[in-house]
Amino acid sequence: LLVSGPDRLTRMAEVRAPTLVVVGELDRPFLDGSRALARTIPGAELAVIPEAGHSPQREAPDSWWEALSGFLGAAPPAMGEPDVRPGTAETEARE
């Protein structure tokens, strides 16, 4: 099904949420697809995790965590939540 199913990449251009596409640099079958996905989703970021294959969260946890936490730290807060990212007015008011 994964190979023979319909290609929905073009529909991913409709995504309007902050998106991080993560792929291991050694996951050759998914590298090109991950790059295409990140190019298609407006504003998406691509994190290619060095020395990792299909499970970068287990194979290179420090690099994976750095990519994920950096992305989440840069993401705006959910609606109605205070913005406590470094350098924001809310953070400066708390310091």
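Each value, and the rule that gives it
- Numbering of residues starts from 1 in every chain and runs along the sequence as written.
- For a predicted model such as this one, the threshold for reporting local features is a pLDDT of at least 70, and the threshold for listing and counting side-chain atom pairs is 80 or more; totals across whole chains, interfaces and linings nevertheless cover every residue.
- Hydrogens and water molecules were not included; the side-chain quantities draw on all heavy atoms of the structure.
- Counting from the N terminus, the helices are DSSP H or I runs at least four residues long and the strands are E runs at least two residues long.
- A contact between two residues is defined here by any heavy atoms of the two lying within 4.5 Å.
- In these tables, accessible area is a Shrake-Rupley quantity obtained with a 1.4 Å probe, and a residue counts as shielded only by the protein chains included in the view.
- Expected span of a helix, by definition, is 1.5 Å for each gap between consecutive residues, and there is one gap fewer than residues.
- Whether a residue is buried, partly exposed or exposed follows from its accessible area with a 1.4 Å probe, protein chains only, as a fraction of its type maximum: under 20%, in between, or over 50%, in that order.
- Counted as salt bridges are all cases of a side-chain nitrogen of Lys or Arg within 4 Å of a carboxyl oxygen of Asp or Glu.
- Pairing of aromatic rings covers Phe, Tyr and Trp, the last through its six-membered ring, and needs centres within 6.5 Å; plane angles under 30 degrees mean stacked, over 60 mean edge-to-face, and all others mean tilted.
- What qualifies as a polar contact is a pair of N or O atoms within 3.5 Å, subject to a donor-acceptor requirement within protein and to the restriction that residues adjacent in sequence count only when both atoms come from side chains.

Asker: Hey, could you run me through the overall build of the protein chain in this one?
Answerer: Helix and strand counts for the protein chain stand at four helices and two strands. Along the chain direction, N to C, the helices and strands of the protein chain fall in the order β-α-β-α-α-α. In the protein chain, the share of contacts with a sequence separation of at least 24, taken over all contacts with a separation of at least 6, comes to 52%. Put simply, the protein chain shows about 7000 Å² of open surface, and 55% of that area lies on carbon and sulfur atoms.

Asker: Explain helix α1 (residues 28–40) here, please?
Answerer: Think of an α-helix as 3.6 residues a turn; residues three or four steps apart then line up on the same face. Over its 13 residues, α1 runs 19 Å from end to end, which matches the ideal 18 Å to within 8%, given 1.5 Å per residue. Within α1, the full set of buried residues consists of Leu31, Ser34, Ala36 and Ala38. The elements touched by buried residues of α1 are β1 (20–24) and β2 (45–49).

Asker: What am I meant to see in the environment of Trp64 here?
Answerer: Structurally, the position occupied by Trp64 is in helix α3 (residues 61–74). Trp64 sits in the partly exposed class, given a relative accessible area of 24%. Considered as a pair, Trp64 and Pro50 are 14 residues apart in the sequence and their alpha carbons are 8.9 Å apart. In this view, Trp64 contacts Val22, Ile49, Pro56 and Gln57; residues no more than four positions away in its chain are not counted.

Asker: What's the story with the pattern of salt bridges in this structure? I'm lost.
Answerer: Side chains that differ in sign of charge can pair as their charged atoms come close. Inspection of every chain in the model, using the stated rule, returns one salt bridge. Salt-bridge contacts for Asp32 lead to Arg35; the nearest nitrogen and oxygen are separated by 3.5 Å. Highlighted residues: Asp32 and Arg35, both in helix α1, separated by three residues, approximately one helical turn. Given a relative accessible area of 58%, Asp32 falls into the exposed group. The class for Arg35 is partly exposed, based on a relative accessible area of 34%.

Asker: Sorry, what's going on with the packing of aromatic side chains here?
Answerer: Each pair of aromatic rings is reported with the distance of its centres and the angle of its planes. In this structure the tally under the stated criterion is one aromatic pair. On the basis of an interplanar angle of 45° and a centroid distance of 6.1 Å, the ring pair of Trp64 and Trp65 is categorised as tilted.

Asker: So what exactly am I meant to see when it comes to the environment of Glu14 here?
Answerer: Among the structural elements, Glu14 can be located in the segment before β1. When its relative accessible area of 54% is taken as the criterion, Glu14 is described as exposed. Separated by 27 residues in the primary sequence, Glu14 and Ile41 have C-alpha atoms spaced 7.2 Å apart.

Asker: Would you mind going over the environment of Arg28 with me for this structure?
Answerer: Within the secondary structure layout, Arg28 lies in helix α1. Within the structure, the side chain of Arg28 is placed 3.1 Å from the backbone oxygen of Glu25, a separation counted as a polar contact.

These values are about where atoms sit, not about what they do.
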